[in-house]
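A structural walkthrough
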Amino acid sequence: MTVRGRFLAPDGTPLSGALVFRAPATLTFPAADVILGGPVTVQLDAQGGIEVTLPATDAPDMDPGGWAYIVTEQLSGIPVGRSYNVLLPRAQPEVDLADIAPTDPSKPNYVGVPGPQGDRGATGAPGSRIYSGTAAPGAALGVDGDLYVRYETTTFLGVTSTTVSTWQRSAGAWTQIGGDVRGAAWYLNNTTTPSTNTKPGDLLLRTDTGDLWQRTASGWGTALGNLKGPKGDTGATGATGATGAAGAAGVVQSVNGKSAASVTLTAADVGALATTAAGVANGVAQLDATGKVPAAQLPASGGAVASVNGKTGAVVLTATDVGALDQGAADARYVQPAAIPVQSVAGKTGAVTLVAGDVGAEAAGTAVLLTGTQTVAGSKTFSSVPSSSASPTTSNHLTRKSYVDGLGGGEWLPSDHGLLTWAFDPALGQSTALYPGSGPIRVTAVILRTTATVTRIVWFATGYAGGLTTGSWAALYDSAGNRVAQTGDMSTATYEPAEVHTAGGATISSPLTASYSAPAGVYYVASRWQYNTTTGDGPMLLAAESGAGAPPNVFGQTPVRRFGVYTAGAATAPATINVASMENGANRFWCALA
């Protein structure tokens, strides 16, 4: 049962304080192996509200029965708080205290009991109906008082318009109420336009002439105007240009430096070759088929070399004339020099002795040897994981995976079952599974020895027929109680665990909304199962031995709780949980990560 309430001062300011719900000293639920006791205190939040989930006062399989909650209001600023009794029957799963708490302080305490259902009232007369369509209403449609809305949609010149008209049936006939309702439409066209499919009030613009029409009841009629507007006034006359030296406006004064009434330019005036130049065809040299200027177009005289390097006649040049080496004269510059002796080695002279450092090498004893016994000091970083062929003999020796696997002996590990980690070996769980109870948050601690990517939360059920309701969820919290991953609503198809109807049971799981890369460490798996306890819709989950009412859950010198429960529950996975306030639950459920 979910109970809500909100407490405000007369000026609307939220009150503070708490409400205490008291049941009989102890309530026993044999089917769930749960005994509840003690009052439930709920603090008002910042808006003066409370919300708490409590067992129904007529819950099945509950001992004792036939009792009511005692509600005590402990509100700040109100010296004497009210105390009254209320029933919370299963038939009303959600209730607000404002609907059941007494309002007259002079009245005695009372128990809010739902009254019997009243008689069904007489069937009223049918109301008026509203019809719609694209044509006028048919004569046989509806009865007097009914309405009809006609939607007439047309498209003309690319403009789609809808006309709405309303009709009412009276005295056995349909009569239109008012006129057609439709906004005016703009049309653009460059030719004669019919008025068919248009309505009075529509506008038309002729894009070729700029004329503008508005539709009347009889058609387009005549143009109302033109967007171009009337022709403007003539502009003022411009100023007269300056007069030239000869009295005529804009006369050329000279061409290429020549001034005359009639200028004549020669080829030289414009940098061209004269057409009568000797050896030039039309003043331009013409190339022959080989890409050369023909001899006939070359100048007829001149062009002979007077001397070469100061020599005339039949000139013969020597190596000296052109600054070249004379091989035949045994020039010393062609003689191969004798071998040059080494002057130094690595900056050393004399009887040189090189060490490893002189040539960038590691000295003997400073590098890892491929054979033989050697001690390597200091921490080392390997680009790939080293392997070893020998078993370790001291605590700081490298070892092989096969050696570590061998230490497990015959014990089963989570990885042997395709899991990342688990609370304990499931084969050690008690044979009879337990219901987790509808509403409380069950918590089981697990540990990851190495970094792993978690995608699912896993349980084991000996039987489960489905039927989880909204408010069922599972989440993963780190050792500080911070939520790091969660499933979705486990009442939905995506996240609900599979049903189990096989002998011996089966593994069930729910996926996370997103995979989580988990560092090594301790984690808490929290889950809430919301279901109908009358029909036992919840799963029967594998658990450790749970005979004691509050079995030990903290072991050794660390404060880690291996199992726990939050009886208050929560509709959704909270962002954080207070690990220190976790209660020692009677049942210790098995779970795993995958």
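Residues numbered from 1 in each chain as written. Predicted model: local features only at pLDDT ≥ 70, side-chain atom pairs only at ≥ 80, totals over all residues. Heavy atoms only, no water.

Structural notes on the overall build of the chain
Looking only at helices and strands, the chain features 2 helices and 27 strands. In the chain, which comprises 594 residues, the share counted as buried stands at 28%. Sequence-distant contacts in the chain: of pairs separated by 6 or more residues, those separated by 24 or more amount to 58%. As presented, the chain carries roughly 37,400 Å² of accessible surface, and 55% of it is formed by carbon and sulfur atoms. (Helix = DSSP H or I, 4+ residues; strand = E, 2+ residues; numbered from the N terminus. Buried < 20%, exposed > 50% of the residue type's maximum accessible area, 1.4 Å probe, protein only. Contact = heavy atoms within 4.5 Å. Areas by Shrake-Rupley, 256 points an atom, 1.4 Å probe, with all protein chains shown as cover.)

Regarding the pattern of salt bridges
According to the stated counting rule, one finds 8 salt bridges in the structure shown. Across the salt bridge formed by Glu-73 and Arg-82, the nearest N and O atoms sit 2.6 Å from each other. Its relative accessible area of 7% is what places Glu-73 among the buried residues. The salt bridge involving Glu-152 is made with Arg-150; its shortest N-O contact spans 3.9 Å. Overlapping salt bridges, with partners in common, bring together Arg-4, Glu-51 and Glu-94 in one network. (Salt bridge = Lys/Arg side-chain N within 4 Å of Asp/Glu carboxyl O.)

Considering the packing of aromatic side chains
Per the counting criterion, the structure on display carries 7 aromatic pairs. Summarising the aromatic geometry, the rings of Trp-67 and Tyr-69 are spaced 4.8 Å apart at their centres and angled 80° between planes, so their arrangement reads as edge-to-face. Tyr-69 matches Trp-67 in its accessibility class, with the two residues each being buried. (Phe/Tyr/Trp six-rings, centres within 6.5 Å; stacked < 30°, edge-to-face > 60°.)

A short note on the side chain of Ser-509
Examined against the element boundaries, Ser-509 turns out to sit in strand β23 (residues 506-518). Excluding residues that lie within four positions of it along the chain, Ser-509 makes contacts with Arg-456, Ile-457, Val-458, Trp-459 and Pro-497.

Observations regarding the confidence of the model for the chain
Of all residues in the chain, 86% have pLDDT values of 70 or greater, and the mean over the chain is 83. Contacts of residues 244-248 to residues separated by more than four positions or lying in other chains number 3 contacts, the stretch itself having pLDDT below 50. (pLDDT = per-residue confidence, 0-100.)

Some words on the pairing of strand β22 (residues 483-486)
The sheet contact formed by strand β21 (residues 473-478) and β22 spans 3 bridges and is antiparallel. In the strand pairing of β22, Ala-475 is matched with Gln-486. Linking two consecutive strands that pair antiparallel, namely β21 and β22, is a turn of 4 residues; a positive phi of about 90° is found at Gly-481 within it. (Pairing = 2+ DSSP bridges.)

Here we look at the sheet that holds strand β9 (residues 94-96)
Within the open sheet, the 3 strands sit side by side as β6-β1-β9. Their pairing is mixed. Looking along the sheet, the strands with just one partner apiece sit at the ends: β6 (49-53) and β9. The mean angle between the axes of side-by-side strands here comes to 15°, regardless of whether they run parallel or antiparallel. Pairing of strand β1 (residues 2-6) with β9 involves 3 bridges; the strand directions are parallel. Across the sheet, Val-3 pairs through a bridge with Val-95, a residue of β9. (Axes fitted to C-alpha atoms, helices over the stretch in contact; angles between N-to-C directions.)

Regarding the sheet that holds strand β26 (residues 563-566)
With antiparallel pairing, 5 strands are arranged side by side in an open sheet as β22-β21-β24-β19-β26. The two strands at the open ends of the sheet, each matched to only one other strand, are β22 and β26. Mean inter-strand twist for the sheet, computed between neighbouring axes without regard to direction, equals 25°. In terms of strand pairing, β21 meets strand β24 (residues 521-528) through 6 bridges, oriented antiparallel. Of the residues in β24, the one forming a bridge with Trp-473 is Arg-528.

Brief notes about the environment of Thr-502
Structurally, Thr-502 is set in the loop between β22 and β23. Spatially, the C-alpha atom of Thr-502 lies 9.6 Å from that of Tyr-464, the residues being 38 residues apart in sequence.

Notes on the pairing of β21
For β21, a buried count of 6 out of 6 residues is recorded, marking the element as mostly surrounded by other parts of the structure. Burial of the side chains of β21 extends over both faces: Trp-473, Ala-475 and Tyr-477 are buried on one face and Ala-474, Leu-476 and Asp-478 on the other.

With respect to the environment of Val-71
In this fold, Val-71 is placed in strand β7 (residues 69-75). When its relative accessible area of 0% is taken as the criterion, Val-71 is described as buried. In this structure the C-alpha to C-alpha distance between Val-71 and Arg-22, which are 49 residues apart in sequence, comes to 6.6 Å. Once you skip the residues sitting within four places of it in the chain, Val-71 turns out to touch Leu-19, Val-20, Phe-21, Arg-82, Ser-83, Tyr-84 and Val-86.

Regarding a nonpolar patch on the surface
On the surface, a cluster of nonpolar side chains totalling about 350 Å² of accessible area is made up of Val-342, Val-345, Leu-354 and Val-359. Of note, Val-359 is situated in the loop between β17 (225-226) and α2 (401-407). (Patch = residues over 30% accessible without salt bridge, like charges linked within 9 Å, V, L, I, M, F, W, Y side chains within 5 Å.)

Quick notes on the side chain of Asn-587
One can find Asn-587 in the loop between β26 and β27 (592-593). Residue Asn-587 is classed as buried on the basis of its relative accessible area, which comes to 3%. Beyond its immediate sequence surroundings of up to four residues, Asn-587 is in contact with Ala-32, Asp-33, Leu-434, Tyr-435, Arg-442 and Ser-546.

Let's talk about unusual backbone geometry
Here the bond from Asp-63 into Pro-64 is cis, since omega is 5°, no more than 30 degrees from zero. On the secondary structure map, Pro-64 appears in the loop between β6 and β7. For Asp-33, which is not glycine, the phi dihedral falls at a positive 55°. Here Asp-33 lies in the loop between β3 (26-29) and β4 (34-37). The backbone of Leu-157 shows a phi angle near 50°, a positive value even though the residue is not glycine. Structurally, Leu-157 can be placed in the loop between β11 (147-156) and β12 (159-170).

Remarks on the nonpolar core
Formed by 40 residues in total, the largest nonpolar core has its most connected members in Trp-459 and Trp-590. Those elements that place two or more of their residues in this core are β19 (441-448), β20 (452-463), β21, β23, β24 and β27. For this core, the leading source of residues is β20, giving 7 residues. Ranked by size, the runner-up nonpolar core spans 29 residues in total, among them Leu-44, Val-52, Val-86 and Ile-100. (Core = buried A, V, L, I, M, F, W, Y, C linked by side-chain atoms within 4.5 Å.)

Digging into the environment of Thr-507
Residue placement: Thr-507 occurs in strand β23. C-alpha separation for the pair Thr-507 and Cys-591, spaced 84 residues apart in sequence, amounts to 9.8 Å.

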